[in-house]
Amino acid sequence: LILVEAMKNASVGTVTIVLPSFPYARYDCDTRVNRCPIARLVADMLQSVDCDRVLTMDLHTPQVQGYFDVPVDNITAEPAFRDWIKELHLRDAVLITPNPEGTKRVAHFSESLGMQFAIVHHSTLE
């Protein structure tokens, strides 16, 4: 935030905030109402310095893009990751997702690689 403010004070034309990781996109989310209050707070803080655009990578929750009033570009590492896996020439490998929410994504990814996938169920004891 300090760097963006400094750039604005130096009269730069455009400021794009690059966030290769947005960990708050998953923190404290209520999936029943599609709301992530911490992610919303971080989005508001980033916009408070008057940025022009935000670039994110592999957001866990797509609705986070809606928390911004500026354009958000969410890019994915999937093509590069897929190429890397292909170069390994793995045999009988299985892709695993740690939760049911990732099933659609891992199914698509495993299909593009011709691999099987599995879902691991875990729960927290209370």
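Residues numbered from 1 in each chain as written. Predicted model: local features only at pLDDT ≥ 70, side-chain atom pairs only at ≥ 80, totals over all residues. Heavy atoms only, no water.

### Side note on the side chain of Glu 78
- Among the secondary structure elements, Glu 78 is positioned in helix H3 (residues 78-88).
- If sequence neighbours within four positions are ignored, Glu 78 has contacts with Arg 105, His 108 and Phe 109. (Helix = DSSP H or I, 4+ residues; strand = E, 2+ residues; numbered from the N terminus. Contact = heavy atoms within 4.5 Å.)

### Side note on the pattern of salt bridges
- A full pass over the atoms with the stated rule returns five salt bridges.
- A salt bridge links Asp 44 to Arg 40; its shortest N-O distance comes to 3.5 Å. You can see Asp 44 and its partner Arg 40 sitting in helix H2 (residues 37-47), four residues apart, about one turn around the helix.
- Given the relative accessible area of 35%, Asp 44 is considered partly exposed.
- Arg 40 sits in the partly exposed class, given a relative accessible area of 36%.
- Close ionic contact of Glu 78 with Arg 82 constitutes a salt bridge, the shortest N to O distance being 2.8 Å. One end of the pair is Glu 78 and the other is Arg 82, both in helix H3 and four residues apart, which spans about a single turn.
- You can call Glu 78 buried: its relative accessible area is 16%.
- Judged by relative accessible area, which is 17%, Arg 82 ranks as buried. (Salt bridge = Lys/Arg side-chain N within 4 Å of Asp/Glu carboxyl O. Buried < 20%, exposed > 50% of the residue type's maximum accessible area, 1.4 Å probe, protein only.)

### Let's talk about the environment of Phe 68
- Counting through the fold element by element, Phe 68 comes out in the loop between strand S2 (53-57) and strand S3 (72-75).
- Spatially, the C-alpha atom of Phe 68 lies 9.7 Å from that of Val 42, the residues being 26 residues apart in sequence.
- Residues contacting Phe 68, with those up to four places away along its chain left out, are Phe 22, Ala 43, Leu 46, Gln 47 and Val 54.

### Describing the packing of aromatic side chains
- Across all of its chains, the model carries three aromatic pairs by this definition.
- Ring geometry for Phe 81 against Phe 109: centres 5.7 Å apart, planes inclined by 10°, an arrangement best described as stacked. Note that Phe 81 is positioned in helix H3 and Phe 109 in helix H4 (residues 103-113), a separation of 28 residues in sequence.
- A relative accessible area of 40% means that Phe 81 is categorised as partly exposed.
- The buried category is assigned to Phe 109, whose relative accessible area is 7%.
- Aromatic rings pair up to connect Phe 81, Trp 84 and Phe 109 into one cluster. (Phe/Tyr/Trp six-rings, centres within 6.5 Å; stacked < 30°, edge-to-face > 60°.)

### Focus on the nonpolar core
- Phe 22, Leu 46, Val 54, Val 64 and Phe 68 are the most contacted members of the largest nonpolar core, which totals 19 residues.
- Among the elements of the structure, strand S1 (16-19) and H2 are those that each provide at least two residues to this core.
- Residues Leu 95, Val 106, Phe 109 and Met 115 belong to the second largest nonpolar core, which totals six residues. (Core = buried A, V, L, I, M, F, W, Y, C linked by side-chain atoms within 4.5 Å.)

Just distances and angles here, no functional claims.
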